[in-house]
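# Secondary and tertiary structure notes
Below, each chain spelled out in residue letters.
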Amino acid sequence: MKIPSMARSLSALQLNRRGIPLFANSTTLLDAPSRLFSTALSESHELNEFMEYMEKLKNYEKTGVPKGAGTDSGDGFDLGRMRRLLHNMGNPQSKFKAVHIAGTKGKGSTAAFLSSILCAEGYSVGCYTSPHIRTIRERITLGTTGAPVSAKALSSHFYKIKEALDMAVKLERGHLSQFEVLTAVAFSLFAEEKVHFAVIEAGLGGARDATNVISSSDLAASVITNIGEEHLAALGGSLESIAVAKSGIIKEGRPLVLGGPFLPHIERIIRDKALFMCSPVISASDPGNKSVLKGFSRACETPHQLCDILLLIEKDLQVSIELFDVQLRLLGSHQLQNAATATCTALCLRDQGWKLSDASIRTGLECAYLLGRSQFLTSKEAEMLGLPGATILLDGAHTKESAQALVNMIKVALPETRLVLVVAMADDKDHLGFARVLLSADKGPVSFAAGCLEAVCFTEINIAGDRSRTTSSSLLKDSWIQACTEMGYDFLDCKTAKYELIEDQHTQFEGKMGCQSILFTEGSLMDSIRLGNEIRGAKSGSQRGIIVVTGSLHIVSAVLGSLEG
């Protein structure tokens, strides 16, 4: 196969085959603010009534999900509410073909890749994902460009369906949640716009998720990306119960695409459900699939990784593709796996008779982009934060698995770099497990803990616009101190957030402090980033270094929001 030229690939990063700018599920860095369920000044007037309406509904992103809510049991969410709501709206979910995506990690990225592929072929696509980074409009994209729904279109559609929503809220006696209502709004918009496809990301689990109302006749394919230990209490308390919950999106006779890799007994649970539902299975992790990450480039302001995606699937469905030198803007080996999963899904659709060329699959993969997933700020953005010349990486990692993916990406993209971490997390995450993964990054060519990790700053941010799920910076630091102690890593527990005072306070460590990781708290996010950069410069001098802001998509949202002044 002819290897594409750099000029062709860079062109593909900007335009689809119609010459339309294509950035799946993303907006420009000048679009909207960061707070969950908040809007930019330019759209606040148009969406004011809609946002006020949403704020009156239950918000589990703000309060946390009840125990067992995602299980197919008496404790699970009542899908009857969602069905009654959609029935009152004319069952919009039956008016388009859907791809339903569940999984612990990678759902949003896989949705972005697939939506971008379909747009590149010229299809009109609706894509529904969560959470958003800066504006609620990011959750609903429409049309052939992958652009978020406009404030005007969202507001106008809200007024059209408000009577049906009011009736449902009254009928359900206040039990309808924000997510249920927003899901219904998205489905109604997709139906009104007559999209060819809707790519739908499950919010929690699968079986009892509000999105799980698509009938088998309207489902093109189900996708399960992977299974990990997140939302354990809400999904039954074990990997096995999580697998059962997520396999609830498999529908009678409709194909299932697996991302993976999975633990063997977990994959068996999912495949047994597919067998019971007579659903053919194709897997991006089959031995015949060879996806290779070949290199990484930050030569321009748009970093990318060079990959080969070679898929040969012969069981259940017979599909194949060879794509060489694909330039992915979503970075890391985990994103290559997500790209392979989306490609498998595209091949599955092609097998059903939908037109999808290899060229459109390539273009879609190269155009796909999401904010806050291994996102390097541009030099201009770093300067806007008051840190000219600094390398700043934003990543919404908040689980052990996503922390490991972040570590792996940094090792490939920036080997032997010096790191400062700025961390804020929600209170329902595994803080200790997250710390252990980042501190155990010495199991490879780069050892963060053996001198590369200069400092970790712990700060606090709102979760879904509220403090009820925020973890205090001191508790976060305690988790890292515990992890450092357990793992035998040298650290300096700093009681002050001023580097010059750190030096004065710990002169007895002279000659040793350079190889210690400094742990400190700072109330202000932006002060944390600036102080972290000061420490990195003081300890590393002219050595290459990077500031990594992580622990939650909400901290990423806050940083991006600050760029808008």
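Nothing here was measured: the structure is a model prediction, and the numbers come from that model.

Across the sheet, which stays open at both edges, the eight strands sit in the order β4-β3-β2-β5-β1-β6-β7-β8 with mixed pairing between neighbours. Edge positions in the sheet fall to β4 (147-148) and β8 (281-283), since each of these pairs with one other strand and no more. As defined by bridge partners, strand β2 (residues 125-128) adjoins strand β3 (residues 140-142) across two bridges and the pair is classed as antiparallel. Paired with cysteine 127 across the bridge in β3 is threonine 141. Contacting β6 (219-224), β7 (256-258) and β8, helix α9 (residues 264-276) crosses the sheet at an angle of about 170° to β7.

Taken in spatial order, the seven strands line up as β12-β13-β18-β14-β15-β17-β16 in an open sheet, and their pairing is mixed. A strand with exactly one partner marks an edge of an open sheet, and here the two such strands are β12 (375-376) and β16 (491-493). Strand contacts of helix α16 (residues 473-487): β14 (418-423), β15 (453-458), β16 and β17 (517-521), with the helix running at about 160° to β17, the strand carrying the most contacts.

Attention shifts here to α16. In this model, α16 (15 residues) spans 21 Å end to end at C-alpha, consistent with the 21 Å of a helix rising 1.5 Å per residue. As for α16, its buried residues are in contact with β14, α14 (431-439), β15, β16 and β17. Glycine 488 sits one or two residues past α16 and shows a positive phi near 75°.

The next thing to look at is the packing of helix α4 (residues 79-88) against helix α6 (residues 151-171). In contact at an axis separation of 9 Å, α4 and α6 are set at 150° when each is read in the N-to-C sense. Classed by the angle they form, the pair α4 and α6 counts as roughly antiparallel. For the pair α4 and α6, the crossing hand works out as right-handed. From α4, Arg84, Leu85 and Asn88 reach across to α6, where they touch Ala164, Leu165, Met167, Ala168 and Leu171. The residue inventory of the contact of α4 with α6, partitioned by class, reads six nonpolar, one polar and one charged.

So, about the nonpolar core. Counting 45 residues, the largest nonpolar core has Leu118 and Leu365 as the members making the most contacts within it. Sequence-distant contacts of leucine 365, that is, excluding residues within four places in its chain, are made with Phe113, Ile117, Ile309, Leu323, Val326, Leu328, Ala339 and Thr343. Core analysis: the second largest hydrophobic core is formed by 42 residues, Leu85, Val185, Val195 and Val213 among them.

We now examine the packing of aromatic side chains. Under the counting rule described, the total for this entry stands at 13 aromatic pairs. Ring plane angle 70° and centroid distance 5.3 Å describe the contact between phenylalanine 50 and phenylalanine 158, whose orientation is recorded as edge-to-face. Residue phenylalanine 50 is found in helix α2 (residues 41-55), and its partner phenylalanine 158 is found in helix α6; the two are separated by 108 residues along the sequence. For the pair formed by phenylalanine 50 and phenylalanine 158, the shared burial category is buried. Taken together, a centroid distance of 5.6 Å and an interplanar angle of 50° make the contact between phenylalanine 158 and tyrosine 159 tilted.

What follows covers the side chain of arginine 469. Mapped onto the fold, arginine 469 is located in the loop between β15 and α16. For arginine 469, a relative accessible area of 10% corresponds to the buried category. For arginine 469, the side chain forms a polar contact with the main-chain oxygen of glutamate 61, separated by 2.4 Å. Engagement of the side chain of arginine 469 in a polar contact is seen with the side chain of aspartate 428, the distance being 3.0 Å. Other than its neighbours up to four places away in sequence, arginine 469 contacts Glu61, Lys62, Thr63, Gly64, Met425, Ala426, Asp427, Asp428, Lys429 and Ile463.

Moving on, we come to unusual backbone geometry. Each neighbour pair has its own omega, and for serine 130 with proline 131 the value is -10°, a cis peptide bond. Tracing the chain through its elements places proline 131 in the loop between β2 and β3. In this structure, arginine 173 takes a positive phi of about 55° despite not being glycine. Examined against the element boundaries, arginine 173 turns out to sit in the loop between α6 and α7 (178-193). Notably, cysteine 278 is not glycine yet its phi reads approximately 55°, a positive angle. Within the secondary structure, cysteine 278 sits in the loop between α9 and β8. Judged by relative accessible area, cysteine 278 falls into the exposed class, the value being 53%.

Our next topic: the environment of threonine 343. Locating threonine 343 in the fold gives a position in helix α10 (residues 333-351). A relative accessible area of 0% means that threonine 343 is categorised as buried. As for threonine 343 and leucine 310, which are separated by 33 residues in sequence, their C-alpha atoms are 9.9 Å apart. Discounting residues that sit within four places of it in the chain, threonine 343 has contacts with Ile309, Leu311, Ile321, Ile361 and Leu365.

Let us look at the pairing of β14. The two faces of a sheet get side chains in turn, since along a regular strand they alternate between them. Where burial is concerned, most of β14 is hidden: six out of the six residues are buried. What you see with β14 is no split at all: Arg418, Val420 and Val422 on one side and Leu419, Leu421 and Val423 on the other are buried throughout. Sheet analysis places β14 next to β15, joined by five bridges and oriented parallel. Among the inter-strand pairings, leucine 419 is bridged to a residue of β15, identified as leucine 453.

Viewed as axis vectors pointing N to C, helix α5 (residues 107-120) and α10 meet at an angle of 45°, and their least axial separation amounts to 8 Å. Overall, the two elements α5 and α10 adopt an arrangement that is oblique. Here the hand of the crossing between α5 and α10 comes out right-handed. Touching Ser109, Thr110, Phe113, Leu114, Ile117 and Leu118 of α5 are Gln335, Asn338, Ala339, Thr341, Ala342, Thr345, Ala346 and Leu349, all from α10. Classifying every residue of the contact of α5 with α10 gives eight nonpolar, six polar and no charged.

Of the residues in the protein, 86% reach a pLDDT of 70 or more, and the chain-wide mean stands at 87. Below a pLDDT of 50 lies the segment residues 1-42, which in the model reaches 131 contacts outside its immediate sequence neighbourhood of four places, other chains included. Taken as a whole, residues 505-513 scores under 50 in pLDDT and shows 12 contacts with residues more than four places along the chain or in a different chain.

Bringing the pattern of salt bridges into the picture now. Within the structure shown, the criterion is met by 25 salt bridges. A salt bridge links glutamate 121 to lysine 355; the nearest nitrogen and oxygen atoms lie 2.7 Å apart. Taken together, the residues glutamate 121 in the loop between α5 and β2 and lysine 355 in the loop between α10 and α11 (358-367) connect sequence positions 234 residues apart. Through salt bridges with shared partners, a single network forms among Asp78, Arg84 and Glu172.

Rules used in this analysis
Residues numbered from 1 in each chain as written. Predicted model: local features only at pLDDT ≥ 70, side-chain atom pairs only at ≥ 80, totals over all residues. Heavy atoms only, no water. Pairing = 2+ DSSP bridges. Helix = DSSP H or I, 4+ residues; strand = E, 2+ residues; numbered from the N terminus. Contact = heavy atoms within 4.5 Å. Axes fitted to C-alpha atoms, helices over the stretch in contact; angles between N-to-C directions. Expected span 1.5 Å × (residues − 1). Parallel < 35°, antiparallel > 145°, perpendicular 65-115°, else oblique. Left-handed = near helix turned anticlockwise from the far one by under 90°. Nonpolar A, V, L, I, M, F, W, Y, C, P; charged D, E, K, R; others polar. Core = buried A, V, L, I, M, F, W, Y, C linked by side-chain atoms within 4.5 Å. Buried < 20%, exposed > 50% of the residue type's maximum accessible area, 1.4 Å probe, protein only. Phe/Tyr/Trp six-rings, centres within 6.5 Å; stacked < 30°, edge-to-face > 60°. Polar contact = N/O pair within 3.5 Å; in protein donor to acceptor, adjacent residues only side chain to side chain. pLDDT = per-residue confidence, 0-100. Salt bridge = Lys/Arg side-chain N within 4 Å of Asp/Glu carboxyl O.

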